[in-house]
Amino acid sequence: MNKLNINGSEILTYNLDVVTRSHNNHDYEDLIVEIITREEGKEHSYKYRMHSDERVPSVHWLLSELKEMLEEANRNKSFFEISEDSVRRYLFVSVTSNDHKTLQVTGERLR
C-alpha cells in the first residue's frame, strides 16, 4: 500500500477542485486534490481523484472535510496521511491530532 505521510509543516499549498466528467451519457463530479509539499528541501506534488460513494454523500462534503483536515494538520503540525489500496480503489485519509480523524473514500492517485 503506497502512502503520503507528511507533517503539516511540510504542506506548502493545496488545491481542491470539483470537476465534472462524462461517462456513458451521465455526468459525474470528482474532487481533484493536489498537495504541494517540501520534503527534505525538495518540492513534491501529489495528485488524487476522489469520488462520492455510500460513505461520502457528495464531493462538496468531501471538499469541506479535506479542507478542514489539511488546515488542521498545517495549523497544529499534525501528520496528514493518504494511504492507497489500489486494488479496491480506496484512499484512507487521516490527520493525527487530538481527535484523530480518518476518512475512507473511493479514488486513486494520479501522481
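Relevant structure appears above.
Counting restarts for each chain: residues are numbered from 1 in the order of the written sequence. Where totals are concerned, whole chains, interfaces and linings use all residues; where local detail is concerned, this predicted model gives features only for residues with pLDDT of at least 70, and gives and counts side-chain atom pairs only at 80 or more. As a convention, hydrogens and water are excluded, and side-chain values are obtained from all of the structure's heavy atoms.

*Asks:* Please set out the environment of Ile82 residue by residue, giving values where relevant.
*Replies:* Structurally, Ile82 can be placed in strand S5 (residues 79-85). We call a residue buried when its accessible area falls under 20% of the maximum for its residue type, exposed when it is over 50%, and partly exposed in between, using a 1.4 Å probe and counting protein chains only. Judged by relative accessible area, Ile82 falls into the buried class, the value being 1%. Residues Ile82 and Glu54, 28 residues apart in the sequence, show an inter-C-alpha distance of 19 Å. Contact between two residues is taken to exist if any of their heavy atoms lie within 4.5 Å; hydrogens are not considered. In contact with Ile82, other than residues within four places in its own chain, are Asn2, Lys3, Leu4, Ile35, Tyr48, Met50, Leu91, Phe92 and Val93. Every helix listed is a DSSP run of H or I at least four residues long, and every strand listed is a run of E at least two residues long, numbered separately from the N terminus.

*Asks:* Would you mind going over the nonpolar core in detail, with residue names and values included?
*Replies:* For this analysis, a nonpolar core means a set of buried residues of the types Ala, Val, Leu, Ile, Met, Phe, Trp, Tyr and Cys, connected via side-chain atoms within 4.5 Å. If you look at the biggest cluster of nonpolar residues, it comprises 24 residues, and the most contacted ones within it are Met50, Leu66, Phe80 and Ile82. Among the elements of the structure, strand S1 (3-7), strand S2 (11-23), strand S3 (26-39), strand S4 (42-51), helix H1 (59-76), S5, strand S6 (90-96) and strand S7 (101-109) are those that each provide at least two residues to this core. When residues in this core are grouped by element, the largest group, six residues, is from H1.

*Asks:* Can you tell me about the side chain of Glu72, naming the residues and giving the values?
*Replies:* Inspection of the secondary structure assignment puts Glu72 in helix H1. Charge assignment: positive for Lys and Arg, negative for Asp and Glu; neither His nor the chain ends contribute. Just to be clear on terms, a salt bridge is a Lys or Arg side-chain nitrogen sitting within 4 Å of an Asp or Glu carboxyl oxygen. No salt bridge forms around the buried Glu72; measuring N to O, its nearest opposite-charge neighbour Arg75 is 4.9 Å away. In this structure, Glu72 is in contact with Lys77, Ser78, Val95, Ser97 and Asp99, ignoring residues within four places of it in sequence.

*Asks:* Explain the pattern of salt bridges to me, using residue names and the numbers behind them.
*Replies:* Opposite charge on two side chains permits pairing when their charged atoms draw close. All told, the structure shown has eleven salt bridges when counted by the stated rule. Across the salt bridge formed by Glu34 and Arg111, the nearest N and O atoms sit 2.3 Å from each other. Here Glu34 is found in strand S3, whereas its partner Arg111 is found in the segment after S7, with 77 residues between them in sequence. For Glu34, a relative accessible area of 17% puts it in the buried group. The partly exposed category is assigned to Arg111, whose relative accessible area is 43%.

*Asks:* Give me the lowdown on H1, citing residues and values where you can.
*Replies:* Residue count minus one, scaled by 1.5 Å, sets the expected span of a helix. Over its 18 residues, H1 runs 25 Å from end to end, which matches the ideal 26 Å to within 8%, given 1.5 Å per residue. Those residues of H1 that fall on the buried side of the exposure criterion are Val59, Leu62, Glu65, Leu66, Met69, Leu70, Glu72 and Ala73. Down the axis of H1, the buried side of the element spans an arc of 160 degrees, and every buried residue falls inside it. Lining the buried residues of H1 we find S2, S3, S4, S5, S6 and S7. Arc definition: directions from the helix axis to the C-beta atoms.

*Asks:* I'd like to hear about the environment of Ser97, residue by residue, with values.
*Replies:* Tracing the chain through its elements places Ser97 in the loop between S6 and S7. C-alpha separation for the pair Ser97 and Asn7, spaced 90 residues apart in sequence, amounts to 11 Å. Those residues within four positions of Ser97 in sequence are excluded, and the remaining contacts are Glu72 and Ser78.

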